[in-house]
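This is what each chain is made of:
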Amino acid sequence: MSDFFTEAVLIATVAGGIRLAVPLLLAALGETFGQRSGVLNLGVDGIMLLGAFTGYYTVLKTGNVWYGLLAGIAIGIVLGLASSLISVTLQAEQGISGIGVYLFGLGMSDLLFQRLVGTPVPITKFPKIDIPGLSDIPWLGGMFFSHSVVVYLAFLSVPVAMFIINKTNFGMNIRAVGENPEAADSLGVSVSRVRYATVTIGGTLAGAAGAALAIDLGIFQQNLTNAQGFIAIALVYFGAWRPLGVMAGALLYGFVNSLVLQFKTLGIIPQSWSDIAAMAPAIITILALVIVARRFRAPSALTKPFTRGT
Amino acid sequence: MADVPMLEMKGITKRFPGVLANDNVDFDLYAGEVHTLLGENGAGKSTLMKVLYGLYQADEGEMRLNGEPVTITSPTSAIEHNIGMIHQHFMLVDTLTVAENVALGLHSSRGALTDLDAVSEKIVDLGSQYGLEIDPAATVWQLAVGQKQRVEIIKALYREAQLLILDEPTAVLTPQEVDQLFETLNQMTADGRGLIFISHKLHEVLALSDRITVLRQGRVTGYTTTEGATRASLASMMVGRDVKLAPDKPEVETGSAALEITGLRVIGDRGNVVIDGLDLDVRRGEILGIAGVSGNGQRELAETIAGLRDAEAGSISIAGTDVTNGRPVDVRAAGLAYVPEGRMKDGSIGLFTVAENLLLIDHNSKEFLDAGLLNFDAIRTHSQTLVDEFAVKTPSLDTPVRSLSGGNIQKLILARELSGTPNVLIASQPTRGVDIGAAEYIHKRLVAQRSEDTAILVISEDLDEIFGLSDRIAVMYEGRIMGIVDTSITREEIGLMMAGVTREEAAAG
Ligand SMILES: Nc1ncnc2c1ncn2[C@@H]1O[C@H](COP(=O)(O)OP(=O)(O)O)[C@@H](O)[C@H]1O
Ligand SMILES: [Mg+2]
């Protein structure tokens, strides 16, 4: 245990937690938009997987990580629009249709990987940016100010999301549509337009999350996300549909994960326990969710399709 | 009155699967007037107004605004035509503030950002202009119903509505709030706006309207100016025959107190005190009406008497038997009959048939048991007698109760409850949501039961019902009886007492 309390290991654990939180944070922020407007998209993990493969493959072919990230975003937009079509226009049962999107993403990303790549080849990762001045601060610099641009962007998107939801007309419409779509509709707010927008934002961020994950690891394999998309959905509940809460949840998950990895590396957790240890983050997150989430109320119209005049 | 009406609806027909909701309806409105749409539940009033507001598209017919033909395809186009609608159920987002609710769907002066400060300012202005004071920063779920109503009206005024539809706006208001609302509405017509008012409360219709159009089963069945109309004339237009609004009450010698409640204290569902030190006696041969805005402990009072809820302190006795905190069967054995306010929730089992529902309280009586099994022949005979006697309109005894109309379910429950000879009858909201014909019948039965020496407690939000039935009126407010008065009291005084003012203060005005 004493190995753990060294500067290098502690810094690595905290920095690792922040890094691991990023894909979850992005995906969960996106899902927050959808849910605040009343749409539950269970397909997040599928979109993340296709975003991850697309990002990976683009970097493999072009060698440019930013093209990879953009490719992940592009596929996220397409799948977000498709999800909107399914849940808003076709009014499919949201508890089921998202599973279809997930299975599609799971199967398709693996199929494409087998066909186009076959054996895993490592790719270039995101470059680390040390923030001048700040990254030299002892301890803190290494933990917080020596990350890739994607990490900074992901955390920057938290205040941006808060601003959009709380201070803009679009955000006000989102909140109204998620709570009482009839009222919004009666004032001329287009419920379906708002929901298309939010579900597409969700898809976009899920695609970005997938690409960020693959390019951060520098690799792709079958089911790379390991159900992180589902954890992200849980985090939205955990965070009580608020960006700050969602961020707290993502960090909690990231840190527990990072800690478990560190303990395994240091041999504090025996190798034979590694399977159980691997489940710890999910279990802890879900426990926290059960305790926290009960105190908050979900948007009233969550999972309910809207038709005028019923 | 201007020459060209601000609104003309001609030959409007609207069909839903299996229902002709509006059948060739004509309706018009002039600037500066209130034109009321009157009719029973299901007559098609809301449908006609939703067609006007663009929520439904008419199957046939045409609309003109200020003489120009228009098609209104959505609420957005209705708003563009300066039409506003206050819906029967509040159309407010509970989790948003008043200002946000008003600003929804409007163009913001700050582009993509909300301009709630400017909106709030204008809300305060409109509020002081029309007597609609409200805090723009309050979150809607914290508001009382009367305040929510104000927000709805401000929403329409803010959008410069010239034609305002008010779909049963008074349904949830206290008499004081209704008076305030009417003042606001009068001011709006004085400013040249046209109002369409929907209600089935006849005295309100008479007080507010200039003209009245009556709908029944989707068709216009009557039209009158308010001058010369009476409650009785309006009621018969609604029902299609003469109706008695207040039952004839024969003189009855009142007897001993059959229901005695002293010092009752009850804790509500949320752990708060809902009845606090309540004393009440109801004598044989009298109807005691409990007036009050719902939510002031009336439901809990009825439930506590019926043994469905525990008393914390105090005592209840029926015909001399102490039934405080007794089980429902014991209370019934002491001679209580109970018509609860939720017809479908507490009063009947929707999936059970008419015959089964009639049996619910009697299923252990020897008459219907044959060696421990239900004797179906005896049950059918008994049920048929009750159905005939109480004029319950049902296709058969085997029809599930939930497919009957509200009025018929209520008659069925009354038939069941009165089939014994109760010492005490509690009827909670006995005619809420029931059509006038059935209400007339239910009132007649209650008065008949009074002549049978039953002590009757009627709990109602409907002051017409309270005045029409009661021998004495107890006004309930926040779990207490504000005073017990006779029927010579005025509506205004009762209204004040319902708002928590004592009798003496109310009489002093
Ligand atoms: N969306 C709808 N779908 C099917 N039937 C409806 C719908 N809205 C109203 N109706 C039916 O149309 C008739 C008129 O209803 P409504 O206009 O709400 O009456 P009112 O407002 O006078 O009480 C009723 O029989 C009702 O059941
Ligand atoms: Mg209606």
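Residues numbered from 1 in each chain as written. Chains lettered and ligands numbered in written order. Predicted model: local features only at pLDDT ≥ 70, side-chain atom pairs only at ≥ 80, totals over all residues. Heavy atoms only, no water.

With respect to the overall build of chain B
Where we set the bar: Secondary structure is summarised from DSSP: a helix means a run of H or I of at least four residues, a strand means a run of E of at least two, and numbering begins at the N terminus for each. The globule rule is 2.2 Å times the number of residues to the power 0.38, and the radius of gyration it is compared with is taken over C-alpha atoms. Classification of residues uses two cut-offs on accessible area relative to the type maximum, computed with a 1.4 Å probe and protein chains only: under 20% is buried, over 50% is exposed, and between them is partly exposed. Note on contacts: a residue pair qualifies if any of its non-hydrogen atoms lie within 4.5 Å across the two residues. Method for areas: the Shrake-Rupley scheme with a 1.4 Å probe, in which residue coverage is limited to the protein chains shown. Within this scheme the basic residues Lys and Arg register as positive and the acidic residues Asp and Glu register as negative, but His and the chain ends are omitted. Here the site of a charge means atom NZ of a Lys, CZ of an Arg, CG of an Asp or CD of a Glu.
When helices and strands are counted, chain B shows 18 helices and 22 strands. Relative to a compact globule of 509 residues, whose C-alpha radius of gyration would be 23 Å, chain B shows 25 Å and is just as compact. In terms of overall dimensions, chain B has C-alpha extents of about 75 × 50 × 45 Å along its principal axes. Relative to its full complement of 509 residues, chain B shows a buried share of 54%. Long-range contacts, defined as pairs at least 24 residues apart, comprise 67% of the intrachain contacts of chain B with a sequence gap of at least 6. Summed over its atoms, the accessible surface of chain B is roughly 21,800 Å², and 48% of this surface lies on carbon and sulfur atoms. Between the mean site of the 45 positive side-chain charges and the mean site of the 73 negative ones, chain B shows a separation of 4 Å.

Some words on the overall build of chain A
If you tally the helices and strands in chain A, you get 12 helices and 2 strands. Ordering the α and β elements of chain A from the N terminus gives α-α-α-α-β-α-β-α-α-α-α-α-α-α. Taken over C-alpha atoms, the radius of gyration comes to 20 Å for chain A, in line with the 19 Å a tight globule of 310 residues would show. Based on the C-alpha atoms only, the size of chain A along its principal axes is roughly 65 × 45 × 40 Å.

Notes on the interface of chain A and chain B
Defined as follows: The term buried area denotes the loss of accessible surface (1.4 Å probe radius) that occurs when two parts are joined, taken as the sum for both partners. Criterion for a salt bridge: a side-chain nitrogen of Lys or Arg within 4 Å of a carboxyl oxygen of Asp or Glu. Within 3.5 Å is the distance limit for a polar contact, defined as a pair of N or O atoms, with the added protein rule that one can donate a hydrogen and the other accept it, and that residues adjacent in sequence qualify only through two side-chain atoms. Charged residues are taken to be Asp, Glu, Lys and Arg, nonpolar residues to be Ala, Val, Leu, Ile, Met, Phe, Trp, Tyr, Cys and Pro, and polar residues to be all remaining types, Gly included.
Across the boundary between the two partners, chain A contributes 21 residues, which contact 29 residues of chain B. Roughly 1,900 Å² of surface becomes buried between chain A and chain B when both sides are summed, with 62% attributable to carbon and sulfur atoms. The interface formed by chain A and chain B holds 1 salt bridge in total. Taking the shortest distance from any N to any O, the salt bridge between Glu100 of chain B and Arg175 of chain A comes out at 2.9 Å. On the surface where chain A and chain B come into contact, there are 7 residue pairs in polar contact (both at pLDDT 80 or more). Those elements giving two or more residues to the side of chain A that touches chain B turn out to be helix 6 (149-167), helix 7 (169-179) and helix 8 (181-186) of chain A. Among the elements that take part in the side of chain A that touches chain B, helix 7 of chain A stands out by supplying 6 residues, more than any other. The residue inventory of the side of chain A that touches chain B, partitioned by class, reads 7 nonpolar, 7 polar and 7 charged.

Here's the deal with the coordination of the magnesium ion (ligand 2)
Residue and element names in this part refer to chain B. Stated precisely, the cut-off is as follows: A 2.8 Å cut-off from the metal defines N, O and S donors, relaxed to 3.2 Å for Na, K and Ca; water is not in the atom list, so some sites may appear incomplete.
Around the magnesium ion (ligand 2), the donor atoms from the protein are Ser46 (OG) and Gln88 (OE1), and they sit 2.1 to 2.3 Å away. Placement of the pair is Ser46 in helix 1 (residues 45-52) and Gln88 in the loop between strand 6 (83-86) and helix 3 (98-103), with a sequence separation of 42 residues. On the basis of relative accessible area, Gln88 is assigned to the partly exposed category, the value being 32%.

Regarding the environment of Lys10 of chain B
Residue and element names in this part refer to chain B. When you line up the elements, Lys10 lands in strand 1 (residues 7-16). Between the alpha carbons of Lys10 and Phe27 there is a distance of 6.7 Å; along the sequence they are 17 residues apart. When neighbours within four sequence positions are excluded, Lys10 is seen to be in contact with Val25, Asp26, Gly61 and Glu62.

Overview of the domain arrangement of chain B
Residues and elements named next belong to chain B. Condition: These domain boundaries are the output of an automatic or database domain assignment.
Domain assignment breaks chain B into domain 1 (7-239) and domain 2 (257-507). Across the contact, 10 residues belong to domain 1 and 14 residues belong to domain 2. Buried area between domain 1 and domain 2, summed over both chains or domains, comes out near 860 Å², and the portion from carbon and sulfur atoms is 61%. Summed over the shared surface of domain 1 and domain 2, the result is 1 salt bridge. Put simply, Asp464 and Arg231 hold a salt bridge, and the shortest N to O gap is 3.9 Å. Where domain 1 meets domain 2, there are 3 residue pairs in polar contact (both at pLDDT 80 or more).

A short note on unusual backbone geometry
Positive phi, close to 75 degrees, is recorded for Thr303 of chain A, a residue that is not glycine. Following the sequence through the fold, Thr303 of chain A ends up in the segment after helix 12 (274-293). Of note, Asn66 of chain B is a non-glycine position whose phi angle comes to about 50 degrees, a positive value. Following the sequence through the fold, Asn66 of chain B ends up in the loop between strand 4 (60-65) and strand 5 (68-70). Under the relative-accessibility criterion, Asn66 of chain B is labelled exposed at 54%.

Let's talk about the site of ligand 1
Selection rule: By convention in this text, a residue qualifies as near a molecule or strand provided that one of its non-hydrogen atoms is within 4 Å of it.
Near ligand 1 you find 13 residues, and of these Gly42, Gly44, Lys45, Ser46 and Thr47 of chain B are the closest. Neighbouring residues of ligand 1 are not confined to one chain but are distributed across chains A and B. With respect to ligand 1, the backbone of Gly42 of chain B contributes an N or O atom lying 2.7 Å from an oxygen atom. A distance of 2.9 Å is found between an oxygen atom of ligand 1 and a backbone nitrogen or oxygen belonging to Gly44 of chain B. Contributions of two or more residues to the shell around ligand 1 are made by strand 2 (19-29) and helix 1 of chain B. The greatest single-element share of the shell around ligand 1, amounting to 3 residues, is contributed by helix 1 of chain B. Residues belonging to the shell around ligand 1 are distributed by class as follows: 5 nonpolar, 6 polar and 2 charged.

Focus on the side chain of Glu440 of chain B
Its place among the elements puts Glu440 of chain B in helix 15 (residues 436-451). Looking at Glu440 of chain B, its side chain comes within polar contact range of the side chain of Arg241 of chain B, at 3.1 Å.

Section: the sheet that holds strand 20 (residues 455-460) of chain B
Residue and element names in this part refer to chain B. For clarity, the cut-off: Between any two strands, pairing holds if DSSP finds at least two bridges. Every axis corresponds to a line fitted to the C-alpha atoms, with the helix fit spanning only the stretch in contact, and the corresponding angles, defined between N-to-C directions, vary from 0 to 180 degrees.
The strand order across the open sheet built from 6 strands is 16-19-20-13-21-22, with neighbouring strands paired in mixed fashion. Where the open sheet ends on each side, the last strands, each with one partner, are strand 16 (336-339) and strand 22 (480-486). Strand after strand, the sheet turns through a mean of 20 degrees between neighbouring axes, direction not considered. Looking at chain direction, strand 19 (residues 424-428) and strand 20 are connected through 5 bridges and run parallel. Bridging across to strand 20, Val424 finds its partner in Ala455. Taken strand by strand, helix 17 (residues 491-498) contacts strand 13 (287-291), strand 21 (472-477) and strand 22, and its axis lies near 35 degrees from that of strand 21.

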